[in-house]
Each structure stands twice: as C-alpha cells, then as structure tokens.
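Structural description and commentary
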2 protein chains.
Amino acid sequence: MVRGRISRLSVRDVRFPTSLGGHGSDAMHTDPDYSAAYVVIETDAEDGIKGCGITFTLGKGTEVVVCAVNALAHHVLNKDLKDIVGDFRGFYRQLTSDGQLRWIGPEKGVVHLATAAVLNAVWDLWAKQEGKPVWKLLVDMDPRTLVSCIDFRYITDVLTEEDALEILQKGQVGKKEREKQMLAQGYPAYTTSCAWLGYSDDTLKQLCAQALKDGWTRADLPVKSLFLQMMDANQRWDVPEAVEWMSKLAKFKPLWIEEPTSPDDILGHATISKALVPLGIGIATGEQCHNRVIFKQLLQAKALQFLQIDSCRLGSVNENLSVLLMAKKFEIPVCPHAGGVGLCELVQHLIIFDYISVSASLENRVCEYVDHLHEHFKYPVMIQRASYMPPKDPGYSTEMKEESVKKHQYPDGEVWKKLLPAQEN
Amino acid sequence: MVRGRISRLSVRDVRFPTSLGGHGSDAMHTDPDYSAAYVVIETDAEDGIKGCGITFTLGKGTEVVVCAVNALAHHVLNKDLKDIVGDFRGFYRQLTSDGQLRWIGPEKGVVHLATAAVLNAVWDLWAKQEGKPVWKLLVDMDPRTLVSCIDFRYITDVLTEEDALEILQKGQVGKKEREKQMLAQGYPAYTTSCAWLGYSDDTLKQLCAQALKDGWTRADLPVKSLFLQMMDANQRWDVPEAVEWMSKLAKFKPLWIEEPTSPDDILGHATISKALVPLGIGIATGEQCHNRVIFKQLLQAKALQFLQIDSCRLGSVNENLSVLLMAKKFEIPVCPHAGGVGLCELVQHLIIFDYISVSASLENRVCEYVDHLHEHFKYPVMIQRASYMPPKDPGYSTEMKEESVKKHQYPDGEVWKKLLPAQEN
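Quantities reported herein were computed from a predicted structural model and do not represent experimental measurements. (Residues numbered from 1 in each chain as written. Chains lettered and ligands numbered in written order. Predicted model: local features only at pLDDT ≥ 70, side-chain atom pairs only at ≥ 80, totals over all residues. Heavy atoms only, no water.)

Concerning the packing of helix α1 (residues 62-72) of chain A against helix α1 (residues 62-72) of chain B
Heads up, the rule is: Note on definitions: angles span 0 to 180 degrees between N-to-C directions of axes, and those axes are lines fitted to C-alpha atoms, for helices only across the stretch in contact. Per the convention used, a helix needs a DSSP run of H or I reaching at least four residues, while a strand needs a run of E reaching at least two, with both numbered from the N terminus. Roughly parallel means an angle under 35 degrees; roughly antiparallel means over 145; roughly perpendicular covers 65 to 115; every other angle is labelled oblique. Working rule for contacts: check all heavy atoms of both residues, and any pair within 4.5 Å makes them a contact. Note that Gly is not counted as nonpolar here; it falls among the polar residues with everything else outside the nonpolar set of Ala, Val, Leu, Ile, Met, Phe, Trp, Tyr, Cys and Pro and the charged set of Asp, Glu, Lys and Arg.
Contact pair α1 of chain A / α1 of chain B: the axes reach a minimum separation of 9 Å and the direction vectors enclose 175°. Judged by the inter-axis angle, α1 of chain A sits roughly antiparallel to α1 of chain B. Contact residues: Glu 63, Val 64, Cys 67, Ala 68 and Ala 71 of chain A in α1 of chain A; Glu 63, Val 64, Cys 67, Ala 68 and Ala 71 of chain B in α1 of chain B. Here the residues of the contact of α1 of chain A with α1 of chain B are counted per class, giving eight nonpolar, no polar and two charged.

Given below as structure tokens:
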C-alpha cells in the first residue's frame, strides 16, 4: 500500500492573533499568539495525497522552528516512504542524531519541535495512504511493527524492546471490545477553555457556568481562581514555594497540580510529589517535558501521578509510543496535554490508541480539550457528551484549510498585513 | 564607567571546515564543522567599543541559532548598558522568559544557545568599558553585585541568594594571593587535541608523543584508544551498557569517564556513578547539560564527580556563576569543557575566577584545551607549561578577527564559495 518518493517539503509560519483576546494566557505565557510551523510533504506517487504535520508554538519563535525544519529537510527529501516506515526506528534515529544538528539539541527545544512537525507529516501521509486514521493504523498494527517504530536509546534501563512487546501483546486481549466502546462513547475529556489567566473574573464565572451546562464536569483552572478540579501553576514556583502554596490550597481538594515548577526538575517534582500525595493532590506534568529521557526519570523518581504527553513536543507518534509504554509499565495514567492549535486534533489519536492497545483503562484518565481554532482544520475534532469521538477520516487530522493557512501566514497573510501596522502604532 | 545605549546588534554564521581533517570528530558527532553564531553589539557612546559574543555550533544548524538571536534582539536594542548590568538578573529573566519564545525552550537548545551568544556579547562590552578582562571584572566585583547577576529561579532548594553571598564572602579570604598565583602560574589544562575519533591510529600515537614532549601530562581520549587518563563516551551508551563497558575498562585506571549516556539522564548518571566510583572511576559531564536546573539535579543525585561547565551552552557568565556556586556548595570540582571555536578563550575567564573567588582549590581540577582555531581570535588564549595564562586584554576574549569572519561566513565567505561547489560534486 505504501508508495512514492518524497519529492517536496514545504513549511510555513502560521499565526493566530489569540493574544488580542487573552485566550491561552497563563502565568508564564502572558500573551500567546497560538501558532504553528506547518509542514506539507508530497510524493511522486501521483495520487494527490499529501502529508501534513504541525508543531505548536506561541507566536514569536515560529520562524526559528521553520528554519529548523528546513535544516532537517534533506533527511526526508528523495526518500521512499516505504523505506522510511519500513525502518522507522532508523529514520527517527537519523533525524534526531544528525552529527552536526544534534549539538543544538539533542532531542530538545527547537530542533525537536521541528522533528515533531516533520514526523507528524510522515504519519499523516502514511495513514492517508493506508486509508485509516492514525489511531486505527496503530491499533491494527502488529506489535512487532509498532516496536520497530521506537528508538529505545537511553531508555533500556526501564523499557527494553522485549518489555514493550510483552505489554503490546497483552494489550491485544479485549482490543476489539475496547475499540467498539471508543467508537460508541469516545474518550473522556476535560475543558480548559473557561479559565485563561487573561480573562476577567466575570468572564471566568460565566464560562464555567456555560461549561457545566454543556456537560463538562471537569475543568482546569489557573491558580488565581479558587473553585476547581485541576490546578495549573505553569512552572511559576520553586520547589519549596510549590510545597508551601499547595499545602495551603489542599482544602480545595484539587485532583492535581500541574507543572508546579521547572519542567526540567525531575528531583524537584519528586520532592513536591512526596509532600502533596499524602494531602490527596497528585502532580501532573509533561507539556514541556522535552523527550522520553525526562519522562523516564519522572516515572523512575515517582515524581508524577498523571503523565501529560504532548503530540508536538515529543518526536511524534514514535517517541510518544515509548512514553505510553513506560507509563503502562509504571501504571501511571496518561492524561494528554491539548489545546493550542491542532493539539486536540493530534493527541486524540494517541490516547484512543493508548486505551485500546496499551492501558485498557479509563480510571483517572482524561484528555484536555480547548474549544479554539478547530475551524481552521479540514478534519476537526468531534466532541460529544464531553468526550473525544474517534476520528474516521484517514490521516492524523493535521491538515489545515488552505484558506486559513494563507490568511494567517506570518507576516504576509491578510490577517497580519492588517494587524502589524496597527500594532506598530 | 558604564555608558551608552545599544544601538545595533548584528549576528553572523561563521563556519570552519574542520570536518575535512576529521578534527573534533567523536562517536556521536562524526563530521563537525566547528562554527559559531557570532554576535556584535554596538552602542551610541561613540567610544568605538563593541561587544562580541559567540555560541559554538557544529556546522548545520548555525543558521537556526542565528535566527533565534534575531528573535531575541528586540530585548537588547535601545537598552542602556547601565540599565542592563544594573539589573542583570532582571535582564537575564527577560531574555529567558519571553512569554512567546520560552515555549520553544525554555532555557534549552537553540534559544538558550542564542541567549548565551547575546549575553556573552554584553559581558564583553561591559568588561571592555571597564578596561578589564572578564575574569578580573568578576574577581573585583563586590559579592552583592555578583549575586545580583544570577537568576535563582528553580535552584533555591539548593542555593539561595544568602547561600551564594556566604560562599562569595568566604572566597574573599586569600583572594589576592590566589590572583598573584594565577598570574604567575596560570590554570592547569589538559589536551584533547591528539585524539579525535576520525584520526588514524598512527596519527593518534604521533600526536600523543608530541603532546608529552610539549609538557602535556593529561589527555582525553575517545573510548577506542586504550592508553589514557580521561575517557570520553560522548553519550554513546545506555545506562546498563555504560556500567558494563566501564567495569571492563577499569583496569586502565581512567580518572573519569565523560558523558557515559544521555546528557538529560540525571538518574542514569547517578546509577553509573554509584557503580563506577567504587572502581576508582569518576563521572564527568556537562558540555551538553542545558541549564542550571540539570546541573542542580546532577549535584543533588551525586551523579557526577567532575562538573564540566560550558561557556556557550549555559546562559553566559550569569548562569555559570550559579553553577560554580552550586558546585562549591557540593564540593565537586569544576573542570570546564573547551575546544570548539572560542570555548577556550571564554571559559578560561570563568575557571580563573572560580579559583580566585569561589573554589580556592586546584585539587582534581583541570580545564580542557584544544589547539585549534585560536588564530581567528583577536585575543587568543595563551598556554604556558600546559596552563592557561590569565588574559590581560579587556573583555571576554570573544572578538574574532574581521578578516576571519568575512572569509568563513556561511555560505558567502571566500572559503565556502570555493568548498560548496566542490562538495556538491
């Protein structure tokens, strides 16, 4: 089924002026313009199928990620798609271990975001050619093939290829029933749409009331507001502060505190977790964890109770597979980060696959949802009864409407041509 | 003394075709072209003094760092130098916590390398205006002012402002004698020049013999060669492999094994360290540790016995100060990473300051040295009797010869105009 040689890679800087409305603002990111480096790959197969991939950014700096995608392009161009997916581990290694480029990473920050955008496009292309949504491509895939997509470098002390295979083989039991269940009921979500830091208290109350009416029973609120289920500190605190503040806020019985401190501080999260778990508060983190090595350690150190994968910061499906499997090994529930631009569209595939083929559990599990910017996607998420309904269209739901891309290209799109002169005045 | 408003920032992509000779090659970086994003800042002070800053790269990807420097430029332009250095902690925080840019870091990878280049230029400018080399500027600085340059965010569980002050105040005792000692004898170095992986065994033997003749008694050799004092694995191994291999190599009694695994794997380094220290082998790491939060944890976890700071990966002098102070608190010797382009020029300032004002010890301490590319710097390092002699010229020794920059600019410099068509054929 897999066909064609990659004949073209284009990447564009697409920005939505969300900072104008305070959407997405938090303690550390006060004025985000939700943006994406948007990659499109084409083949010479003459079937008209394109692979689309994104990585999520906050406005400024998208041009830096675009530049990094261009630096990676030579690893993709002129490759046969069947050679790429036939040795996906090798291809992943090639992208992430380029002898010159790895110095400016490795597997972190800008180059890794660029890697994610490129690999997301490859997965979209592959799934489209197979005529399946990515979650279904993964669910139907033989465990050996799944494992062959994963680079186990630096995680074999926790998860070997054999461990991974064993988990996936166990996951085959009851798979069909769980797939049916997902198709009927969807995957449970929680909403962050009602509580960005830049919103006024009145807006916040109004949106929360509306969310409850719409059937949302789980919401994530920034630390400033005091009625909540999940709290998000957005890396605001040092370790002692996090313990002190959350001990005071324990009376509000939050399910978790998200990102209490630096995303790099594994031992810090472990200290915070040790102090707060006895108070009934879990630690959630992951949206800025830069690779599987960090997740491995968070699990080893018992530093988190909820693991938040991100579809655009880790190295696409490949690296996320390794994290889902490690989480399963440690029996830590995965509750993905979403929102931004397209993060909901992508991550739903991963978490639905996780339920059907890996975790086989919905206990303590929810996937973040934010009701923004879906209108720019060709295959937007479908939410019913506060749940993600499994996508049916082939691909990774990454394709944007060409009109939206053109309008929001930075700095030459229509939207920015109007806004930029106004902002300069 | 400090004067002028930053009126211009330029950044250039400068590459040296070192891969042609196999210089600098190691297990993971097989074909490096030693390169730099080279930043020059100018003021309106009409004194002709420019601040020059670099960050080191390996060829491809330098253009990505250049792009990131441009994204940071608006934080620097039109600022008074006295406002920057008068609240250097605030300025550091502003650069590293830009609400939109921090998403593509934070404080890691490309954006942090770019931050280093910009801040290195600011330190060069400041020191030149004060008429002192950076090491001397630091040595003469009041402990309170030194501390005001450091952002303590995310490290207060290990080092508070008060801790830092106490260490620096203790360091005042005997400072003058140690300064005299440095000026007379210099800081001990070890050489890596003789043993790049791409060199043949014959070349290697010849260079080692020559190095011994030149008075070098300490050398760093890649794992392939078996006569050695320090070994460097360059992140080649997973944790169990590192333990297995080094247990076998213990009979050669290396002082340390450098970068046995992923630079992100704090707990992995701790496991390796626990296994190897009883065999008499220390763990050295740091050249790819991306920020102070990682160093903090390596120290907390007893994961290293030799701490290798890097002058161009961490956020310049500011962040390195915090790491030197944490190392002192844990009594772990600092043995800087150097080589590349300009790394020796910069890091000598930090380690000489460390000896005079912080560690007050030379025990188990050496600074890496590589005899490459110094001819392109206006104020190159001076090595005597295998020691770094303290620089006397004002600034951070970062200024490159304009002729060298022009010739090696990528892709338009004379050197590349000749090489690129040849490489394409």
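Some words on the domain arrangement of chain A
Residue and element names in this part refer to chain A. Counted only if it meets this: The split into domains, and so the bounds of each, comes from an automatic or database assignment of domains. By convention, the term buried area covers the 1.4 Å-probe accessible surface removed from two parts as they join, with the contributions of both added. For salt bridges, the criterion is a side-chain nitrogen of Lys or Arg within 4 Å of an Asp or Glu carboxyl oxygen. Any pair of nitrogen or oxygen atoms within 3.5 Å is treated as a polar contact; in protein, a donor-acceptor pairing is required on top of that, and neighbouring residues in sequence qualify only through side-chain atoms on both sides.
Here chain A is partitioned into domain 1 (3-131) and domain 2 (166-401). Inter-centroid distance (C-alpha atoms) of domain 1 to domain 2 is 22 Å. On the domain 2 side, the residues contacting the 35 residues of domain 1 number 36 residues. Taking both sides of the interface into account, the surface hidden between domain 1 and domain 2 amounts to around 3,100 Å²; carbon and sulfur atoms contribute 64%. Together, Phe 16, Ile 54 and Trp 123 form the three largest contributors to the area buried by domain 1 at its contact with domain 2, with a combined 17%. Joining domain 1 to domain 2, the criterion identifies two salt bridges. The shortest N-O distance in the salt bridge between Lys 128 and Glu 399 comes to 2.7 Å. One can count 17 residue pairs in polar contact (both at pLDDT 80 or more) joining domain 1 with domain 2.

Quick notes on the packing of aromatic side chains
Rules: The aromatic pairing rule takes the rings of Phe, Tyr and Trp, using the six-membered ring of Trp, and pairs them if the centres are within 6.5 Å, calling planes under 30 degrees apart stacked, those over 60 edge-to-face and the rest tilted. Partly exposed residues are those whose accessible area sits between 20% and 50% of the maximum for their type, while under 20% is buried and over 50% is exposed, using a 1.4 Å probe and protein chains only. We call a charge positioned above a ring when the Lys NZ or Arg CZ atom is no farther than 6 Å from the ring centre and deviates by at most 35 degrees from the ring normal.
Tallied over the entire structure, the rule returns 20 aromatic pairs over all chains. Here the aromatic rings of Phe 88 of chain A and Trp 126 of chain A are separated by 6.0 Å at their centres, their planes lie at 55°, and the arrangement is tilted. One end of the pair, Phe 88 of chain A, is in helix α3 (residues 88-96); the other, Trp 126 of chain A, is in helix α4 (residues 109-130), with 38 residues separating them in the sequence. Between Tyr 410 of chain B and Trp 416 of chain B the ring centres are 5.2 Å apart and the planes differ by 75°, which places this aromatic pair in the edge-to-face class. Given the relative accessible area of 28%, Tyr 410 of chain B is considered partly exposed. Through successive ring pairs, a cluster of aromatic residues spans Phe 88, Phe 91, Trp 123 and Trp 126 of chain A. Above the ring of Tyr 410 of chain A, the side-chain terminus of Arg 15 of chain A is found at 3.7 Å from the ring centroid.

Brief notes about the sheet that holds strand β2 (residues 35-43) of chain B
All names here are of chain B. Here is the rule: Strands are treated as partners if at least two bridges between them are detected by DSSP.
Sheet architecture is open: three strands sit in the order β1-β2-β3, paired in antiparallel fashion. Every other strand in the sheet has two partners, leaving β1 (6-15) and β3 (50-57) as the edge strands with one partner each. Across the sheet, the mean angle from the axis of one strand to that of its neighbour is 15°, orientation sign disregarded. Strand direction decides the pairing type here: β2 and β3, joined by eight bridges, are antiparallel. Bridging from a neighbouring strand, Ile 41 pairs with Gly 51 of β3.

Here we look at the side chain of Thr 18 of chain A
Within the element layout of this structure, Thr 18 of chain A appears in the loop between β1 (6-15) and β2 (35-43). When sequence neighbours within four positions are dropped, the list of residues in contact with Thr 18 of chain A reads His 23, Pro 32, Asp 33, Tyr 34 and Leu 373 of chain A.

A few points about the pattern of salt bridges
All names here are of chain A. Under the defined criterion, the tally for this structure stands at 50 salt bridges over all chains. Between Asp 151 and Arg 93 there is a salt bridge, and its shortest N-O distance comes to 2.8 Å. On the criterion of sequence distance, the pair formed by Asp 151 in the loop between α6 (143-147) and α7 (161-171) and Arg 93 in helix α3 is long-range, its members being 58 residues apart. A residue is classified by how much of its surface remains accessible, and Arg 93, at 28% relative accessible area, is partly exposed. With its nearest N and O atoms 3.1 Å apart, the salt bridge here joins Asp 140 to Lys 136. Here Asp 140 and its partner Lys 136 are both found in helix α5 (residues 134-140), four residues apart, which amounts to about one turn of the helix. On the accessibility criterion, Lys 136 (21% relative accessible area) is partly exposed. A single network of salt bridges, built from pairs that share partners, joins Asp 124, Lys 128, Lys 378 and Glu 399.

Description of the relation of the copies chain A and chain B
What counts, and what does not: Superposition of the copies used a least-squares fit over C-alpha atoms from residues whose pLDDT is at least 70 in both.
If you rotate chain A by 180° and push it 0.0 Å along the axis, it lands on chain B with an RMSD of 0.0 Å. Accordingly, the operation relating the two chain copies is best matched by a two-fold axis. Relative to the rotation axis, the C-alpha of Gly 109 of chain A is the closest in chain A, positioned 2.6 Å from it. Both copies contact each other with a shared surface, as 100% of the interface residues of chain A are interface residues in chain B too.

Structural notes on the packing of helix α8 (residues 175-185) of chain A against helix α14 (residues 343-359) of chain A
All names here are of chain A. One way to put it is that α8 packs onto α14 with a least axis distance of 8 Å and a crossing angle of 150°. Taken together, α8 and α14 sit at an angle that is classed as roughly antiparallel. In this structure, α8 uses Lys 175, Arg 178, Glu 179, Gln 181 and Met 182 to contact α14, whose residues at the interface are Ile 352, Tyr 355, Ile 356 and Ser 357. A per-class count over the contact of α8 with α14 returns four nonpolar, two polar and three charged.

So, the interface of chain A and chain B
With 63 residues of chain A at the interface, the matching set in chain B holds 63 residues. Between chain A and chain B the total buried area reaches about 5,300 Å² when both faces are included, carbon and sulfur atoms providing 56% of it. Summed over the shared surface of chain A and chain B, the result is six salt bridges. Among the ionic pairs, Asp 98 of chain A bridges to Lys 60 of chain B, the shortest N-O distance being 3.0 Å. Applying the counting criterion to the chain A and chain B interface returns 38 residue pairs in polar contact (both at pLDDT 80 or more). Looking at the side of chain A that touches chain B, the elements that each hand over two or more residues are β3 (50-57), α1, α4, α10 (239-249), α11 (266-276) and α12 (292-300) of chain A. It is α1 of chain A that provides the largest number of residues to the side of chain A that touches chain B, a total of six residues. The residue inventory of the side of chain A that touches chain B, partitioned by class, reads 27 nonpolar, 20 polar and 16 charged.

Considering the environment of Gly 109 of chain B
Mapped onto the elements of the fold, Gly 109 of chain B is located in helix α4 (residues 109-130). Looking at Gly 109 of chain B, the relative accessible area reads 5%, which means it is buried. Placed 146 residues apart in sequence, Gly 109 of chain B and Leu 255 of chain B show a C-alpha to C-alpha distance of 29 Å. In contact with Gly 109 of chain B, not counting residues within four places along its chain, are Ile 104 and Lys 108 of chain A.

A short note on the sheet that holds strand β10 (residues 367-369) of chain A
All names here are of chain A. A sheet is described by the order of its strands in space; here four strands give the open sequence β10-β4-β12-β11, paired in mixed fashion. Of all the strands in the sheet, the pair left with one neighbour each is β10 and β11 (382-384). Pairwise comparison of adjacent strand axes, ignoring direction, gives a mean angle of 50° for this sheet. Helix-sheet contacts for α8 involve β4 (187-191) and β12 (387-389), and the interaxial angle to β12 is about 105°.

Regarding the state of the cysteines
How we decide: The disulfide criterion used throughout: a pair of cysteine sulfur atoms within 2.5 Å.
The tally for this structure, following the rule as stated, stands at zero disulfides over all chains. Looking at Cys 67 of chain A, it has no disulfide partner, and the nearest cysteine sulfur is the one in Cys 67 of chain B, 4.7 Å off. In this model Cys 367 of chain A remains outside any disulfide bridge; the closest cysteine sulfur is found in Cys 344 of chain A, 6.9 Å from its own. Overall, Cys 367 of chain A belongs to the buried group, its relative accessible area being 0%.

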